[in-house]
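What the coordinates show
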Amino acid sequence: MTEHNRQFDDLEPHVSDRLGKDLRDLFEPPGAVPARIDRAILDQASRRLAKPRRLILRLRWAAKIAVAAVIVLGVVLFNPKSEIRNPKSIGPALAEGRADIDGNGRVDILDAFRLARHIEARGPADPTRSDAAELGWDLNGDGRVDQGDVDLVAFAAVRLGSDLRGEGVPPLRREAILALLFLRRDVSLAPEGQGQDALATNAFADILDTGV
Amino acid sequence: MKARVIGVFVALSVVAPLLAGVPARIAKKPAEGRVRFAPVHIYLDSSDKPLAAYQFELKARTGQIKIVGVEGGAHPAFQEAPYYDPAALMNGRIIIAAFNTGSDLPHGRTRIATIHLQILGDAEPQYELKLVVAADAEGENLAAKLTLETGEQK
């Protein structure tokens, strides 16, 4: 160590009593802070500092709830068997029961054949006539028993089981759509003053709403 | 750290249902690469009675097939495409039916429909044919015989 550095070792802070007293008088607070004020300040500080923490906790809970909602929504929407994706309509037994024209307990092409023969034997539909038996055969709900109903019964006869169609598909919905294609083609089915498109659209909406 | 875990969890919860929603048949591939198309002709023999209505079911007992089209029969009474469920297309099972209320009806053995198939693989499929119903002009059941033939010749 050099002489130059050693000179600083002797610099112990020697403060005289008088200087100390003067410094205390200068910087000491005028009086002690009352305990009540001290507590109030602490309370206020803790309240203010606690707010962001509460917000963080709330955000964490919101994130957890959002994650749970996404999982539930994903399972519901992307599950092929979900009833939301494939809403159930009326039961297939009820729907096919109405298409069982000959009442032998099953729907086959003979039901459509029998209905077609009945329509041919009856002649053109008379809107003023309401045959009790015919009312039950108005499967597409257009107020008449005609070729549209025959097609609906035939399509019900060839309908495959739920293994290919998927559960929850409204019964006979596909048949209704196919039958309506026939309905659109047959111009003579439209009543006077009503467009064919309007007729088909109304019947389509009715079938989708109620099933067959 | 927690934010990262939550991020991974959210990503998984979005991706997993999407993957679960992919139909299984997309991932299903034919065992063998060869694909060919072949018609199957369906014949019905109503003997001396007139055939007015029929309904049958066809499916592959062995082999992998997909139905790609349905054609009507030979007689004018059944020349139009019969009734079938469109859901059967691209599947291996179909129910086919038709009727005619006219007086010109076929007798004896007649081709009632032709089904066009896509056959996957080299193996020759074995078919199962089931007559559901056949009826005469009065709607009475017929004791008819249902057969099939494969090949381009009708």
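Residues numbered from 1 in each chain as written. Chains lettered and ligands numbered in written order. Predicted model: local features only at pLDDT ≥ 70, side-chain atom pairs only at ≥ 80, totals over all residues.

1. Thoughts on the overall build of chain A
Each helix and strand counted, chain A has 10 helices and 0 strands in total. Starting at the N terminus, the α and β elements of chain A follow one another as α-α-α-α-α-α-α-α-α-α. The buried share of chain A, reckoned over its 212 residues, is 22%. Considering only residue pairs separated by 6 or more positions, chain A has 62% of its internal contacts joining residues 24 or more positions apart. (Helix = DSSP H or I, 4+ residues; strand = E, 2+ residues; numbered from the N terminus. Buried ≥ 20, exposed ≤ 12 C-beta atoms within 10 Å, placed from the backbone. Contact = placed C-beta atoms within 7 Å.)

2. Brief notes about unusual backbone geometry
All names here are of chain B. Positive phi, normally seen in glycine, also occurs at Ser 47, with a value near 60°. Along the chain, Ser 47 falls in the loop between strand 1 (35-45) and strand 2 (53-62). Overall, Ser 47 belongs to the exposed group, with 12 C-beta atoms counted inside 10 Å. Phi angles above zero are rare outside glycine, and Met 90 is one such case at about 65°. Residue placement: Met 90 occurs in the loop between strand 4 (83-84) and strand 5 (93-99).

3. Focus on the sheet that holds strand 2 of chain B
Residues and elements named next belong to chain B. If you trace the 4 strands from one edge of the open sheet to the other, you get 4-5-2-7, paired in antiparallel fashion. If you trace the sheet from one side to the other, it starts and ends with strand 4 and strand 7 (126-135), each paired once. As judged from the 7 bridges shared by strand 2 and strand 5, these two strands associate in the antiparallel manner. Paired with Gln 55 across the bridge in strand 5 is Ala 97. (Pairing = 2+ DSSP bridges.)

4. Here's the deal with the sheet that holds strand 1 of chain B
Residues and elements named next belong to chain B. In spatial order, the strands read 3-6-1-8; together these 4 strands make up an open sheet with antiparallel pairing. Each edge of the sheet is formed by a strand with only one pairing partner; in this case those strands are strand 3 (64-71) and strand 8 (145-150). Strand-to-strand, the axes of this sheet are offset by a mean angle of 30°, without reference to chain direction. Inspection of the sheet shows strand 3 paired to strand 6 (residues 109-120) by 7 bridges, in the antiparallel sense. The residue of strand 6 that forms the bridge with Ile 65 is Ile 119. (Axes fitted to C-alpha atoms, helices over the stretch in contact; angles between N-to-C directions.)

5. Examining helix 7 (residues 147-157) of chain A
For helix 7 of chain A, the tally of buried residues reaches 10 of 11 residues, placing the bulk of the element in the interior. Those residues of helix 7 of chain A that sit buried are Gly 148, Asp 149, Val 150, Asp 151, Leu 152, Val 153, Ala 154, Phe 155, Ala 156 and Ala 157 of chain A.

6. Here we look at the nonpolar core
In this structure, Ile 109, Ala 112, Val 153, Ala 154 and Ala 157 of chain A together with Tyr 54 and Ala 97 of chain B are the most contacted members of the largest nonpolar core, which totals 54 residues. Leaving out residues up to four positions away in the same chain, Ala 112 of chain A has contacts with Val 150, Val 153, Ala 154 and Ala 157 of chain A together with Phe 99 of chain B. (Core = buried A, V, L, I, M, F, W, Y, C linked by C-beta atoms within 7 Å.)

7. Concerning the packing of helix 5 (residues 109-122) of chain A against helix 7 of chain A
All names here are of chain A. Orientation of helix 5 relative to helix 7, taken along the N-to-C sense of each, is 170°, at an axis distance of 8 Å. Taken together, helix 5 and helix 7 sit at an angle that is classed as roughly antiparallel. Residue-level inspection shows Ile 109, Asp 111, Ala 112, Leu 115, Ala 116 and Ile 119 of helix 5 in contact with helix 7, the latter providing Asp 149, Val 150, Val 153, Ala 154 and Ala 157. Along the lines of polarity and charge, the residues of the contact of helix 5 with helix 7 split into 9 nonpolar, no polar and 2 charged. (Parallel < 35°, antiparallel > 145°, perpendicular 65-115°, else oblique. Nonpolar A, V, L, I, M, F, W, Y, C, P; charged D, E, K, R; others polar.)

8. Some thoughts on the confidence of the model for chain B
All names here are of chain B. Looking at chain B, pLDDT values average 85 and 79% of them are 70 or higher. Below a pLDDT of 50 lies the segment residues 23-28, which in the model reaches 0 contacts outside its immediate sequence neighbourhood of four places, other chains included. Here the complex is predicted with pTM 0.55, and the ipTM for its interfaces comes to 0.76. (pLDDT = per-residue confidence, 0-100.)

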